[in-house]
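Here's the letter readout for the chains.
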Amino acid sequence: MNIVDVDWAALEAAAVAAMAHAYAPYSNFAVGAAALTADGRIISGCNVENASYGLSLCAECALIGNLHMTGGGLLRAFYCVDAGGNILMPCGRCRQLLYEFRAPDMELMTTQGIRTMDQVLPDAFGPQHLEETR
């Protein structure tokens, strides 16, 4: 795997830019996310709400879709913001999603500073557990 340096300012800027495209007419809570892939690409996503609320997509979901549409790969670093540019932590569902597509050394910008994926989702369940049962 090609380890690249993390430019946290570039990730923040990409997350803010993605947030500007959010579709949040119900909550008025726009969210943007950006990630650095292990091969050096920056990908992003925004939240897209739906009138049935539960079917709304978090920014992280859009980001993972973007990851696969632009060549796949693994995530090396992650940054998420609200409309005010404040750092947001992914919800539990999205932490699980990010865990599945992480590089082994993935880091996240959190409200407490930079943390590893293992720190924000300890003892995670992942694809490796499914392999153990086959």
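Refer to the structure presented above.
Residues numbered from 1 in each chain as written. Predicted model: local features only at pLDDT ≥ 70, side-chain atom pairs only at ≥ 80, totals over all residues. Heavy atoms only, no water.

### Structural notes on the overall build of the protein
We count it as follows: Per the convention used, a helix needs a DSSP run of H or I reaching at least four residues, while a strand needs a run of E reaching at least two, with both numbered from the N terminus. For this measure, only C-alpha atoms enter the radius of gyration; the expected value for a globule follows 2.2 Å times N^0.38, where N is the number of residues. Relative accessible area decides the class of each residue, using a 1.4 Å probe on protein chains only: under 20% of the type maximum gives buried, over 50% gives exposed, and in between gives partly exposed. Contact between two residues is taken to exist if any of their heavy atoms lie within 4.5 Å; hydrogens are not considered.
Within the protein, the secondary structure is distributed over 5 helices and 5 strands. Along its sequence from the N terminus, the protein presents helices and strands in the succession α-β-β-α-β-α-β-β-α-α. Its C-alpha atoms give the protein a radius of gyration of 14 Å, within 12% of the compact-globule value 14 Å for 134 residues. Looking at the 134 residues of the protein, the share that counts as buried comes to 40%. A separation of at least 24 residues holds for 60% of the contacts in the protein among residues at least 6 apart in sequence.

### A few points about the pattern of salt bridges
The cut-off we apply is this: A pairing counts as a salt bridge when a side-chain nitrogen of Lys or Arg comes within 4 Å of a carboxyl oxygen of Asp or Glu.
As enumerated under the stated definition, the model contains 3 salt bridges in all. Between Asp39 and Arg41 there is a salt bridge, and its shortest N-O distance comes to 3.1 Å. In this structure Asp39 comes out as partly exposed when scored by relative accessible area, which is 47%. You can call Arg41 partly exposed: its relative accessible area is 23%. Taking the shortest distance from any N to any O, the salt bridge between Glu107 and Arg76 comes out at 3.4 Å. Taken as a pair, Glu107 in strand S4 (residues 102-110) and Arg76 in strand S3 (residues 75-82) lie far apart in primary sequence, 31 residues in all. Classification of Glu107 by relative accessible area gives partly exposed; the value is 22%. Since its relative accessible area comes to 10%, Arg76 is described here as buried. A cluster of three or more residues bridged by salt bridges with shared partners is formed by Arg76, Asp105 and Glu107.

### Things to note about the environment of Tyr79
Looking at the element boundaries, Tyr79 is found in strand S3. Between the C-alpha atoms of Tyr79 and Ala62, which are 17 residues apart in sequence, the distance is 14 Å.

### Remarks on the nonpolar core
Condition: Throughout this description, the term nonpolar core refers to a set of buried Ala, Val, Leu, Ile, Met, Phe, Trp, Tyr and Cys residues connected via side-chain atoms within 4.5 Å.
Judged by nonpolar contacts, the single largest core of 21 residues is most densely connected at Leu63, Leu75, Phe78, Leu98 and Met117. Elements supplying a minimum of two residues to this core: strand S1 (31-37), helix H2 (59-69), S3, helix H3 (92-100), S4 and helix H4 (117-120). Looking at this core element by element, the count peaks at 4 residues for H2. In contact with Met117, not counting residues within four places along its chain, are Arg95, Leu98, Tyr99, Arg102, Met106 and Leu108. Judged by nonpolar contacts, the second largest core, of 12 residues, contains Trp8, Ala34, Leu36 and Ala77.

No statement about biological role is implied by the geometric values presented.
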